Amino acid sequence: MSKFSKDDQTTVAELKLLVQRFMEARNWGQGHTPKNLVMSMAIEVAELMEHFQWGDREDYTAEKLGPEKMQEIRMEVADVMIYMLSFCRSLGIDLSEAVQAKQEINEARFPADRVRHQE
């Protein structure tokens, strides 16, 4: 995997391995239990939420946020995903399969022809 691959060039497995190697090099595995990982993920999501706490809907475009704020948001998103990947790895969850299975359930629960939002 190149240093800065794009979403359409990188697999979930590659990201999991990248995070795993980082953790193993620092011997962090013992503290990264499912409980600790999910709690850390929630903390990082809260940090991401802070960037959107007081503005209005139209305030949240990349252009209006600006490059510095977008970089901060990108780093919070990365923290959330790193913990999510570690969490899935710790419990043996195949993230791709889980997302696809959930989307199948959502398709049945929320058929587009019945729940489509009207603008």
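Procedures and definitions
Residues numbered from 1 in each chain as written. Predicted model: local features only at pLDDT ≥ 70, side-chain atom pairs only at ≥ 80, totals over all residues. Heavy atoms only, no water. pLDDT = per-residue confidence, 0-100. Helix = DSSP H or I, 4+ residues; strand = E, 2+ residues; numbered from the N terminus. Buried < 20%, exposed > 50% of the residue type's maximum accessible area, 1.4 Å probe, protein only. Polar contact = N/O pair within 3.5 Å; in protein donor to acceptor, adjacent residues only side chain to side chain. Contact = heavy atoms within 4.5 Å. Core = buried A, V, L, I, M, F, W, Y, C linked by side-chain atoms within 4.5 Å. Expected span 1.5 Å × (residues − 1). Bend = angle between axes of the 7 residues up to and from the residue. Arc of directions from axis to C-beta.

The protein chain carries the name Nucleotide pyrophosphohydrolase in an unreviewed UniProt entry, which gives Tumebacillus lipolyticus as its organism.

Q: A description of the confidence of the model for the protein chain should follow, citing residues and the corresponding values.
A: Looking at the protein chain, the pLDDT average stands at 92 and 98% of residues meet or exceed 70. When pLDDT is averaged over each element of the protein chain, helix α2 (residues 34–50) comes out on top at 97 and helix α5 (residues 112–115) at the bottom at 89.

Q: Break down unusual backbone geometry for me, citing the residues and quoting the values.
A: Of note in this structure, N27 is not a glycine but carries a positive phi near 55°. Relative to the helices and strands, N27 resides in the loop between α1 (12–25) and α2. Overall, the relative accessible area of 55% leaves N27 in the exposed class.

Q: Describe the side chain of H51, with residues and values.
A: The residue H51 is located in the loop between α2 and α3 (62–91) in this model. For H51, a relative accessible area of 17% puts it in the buried group. For H51, the side chain forms a polar contact with the side chain of K69, separated by 3.4 Å. If sequence neighbours within four positions are ignored, H51 has contacts with Y60, K69, E72, I73 and E76.

Q: I'd love a proper account of the nonpolar core, names of residues and values included.
A: With 5 residues, the main nonpolar core is built from V19, M23, L85, C88 and L95. Contacts of L85, omitting those with residues within four sequence positions, involve V12, L15, K16, V19 and L95.

Q: Hey, could you go over α3 for me, with residue numbers and the actual values?
A: With 30 residues, α3 ought to run about 44 Å at 1.5 Å a step, yet its terminal C-alpha atoms sit only 35 Å apart, falling short of that. A bend of about 80° at E68 is the largest found in α3. Buried within α3 are the following residues: L65, G66, I73, E76, V80, L85, S86, F87 and C88. Taken together, the buried residues of α3 touch α1, α2 and α4 (95–109). In the segment just after α3, G92 is the residue with positive phi, at about 70°.

Q: Quick one: what's the story with α1, residue by residue and with numbers?
A: Between the first and last C-alpha of α1 there are 20 Å, a value that for 14 residues agrees with the 20 Å anticipated at 1.5 Å per step. Along α1, the residues classified as buried are K16, V19 and M23. For α1, the arc enclosing every buried residue in end-on projection is 70°, short of the 170-degree limit, so these residues lie on one face. Exposed residues lying more than 90 degrees from the buried face of α1 are A13, R21, E24 and A25. Buried residues along α1 sit against α3 and α4. A positive backbone phi angle near 55° is found at N27, which sits one or two residues after α1.

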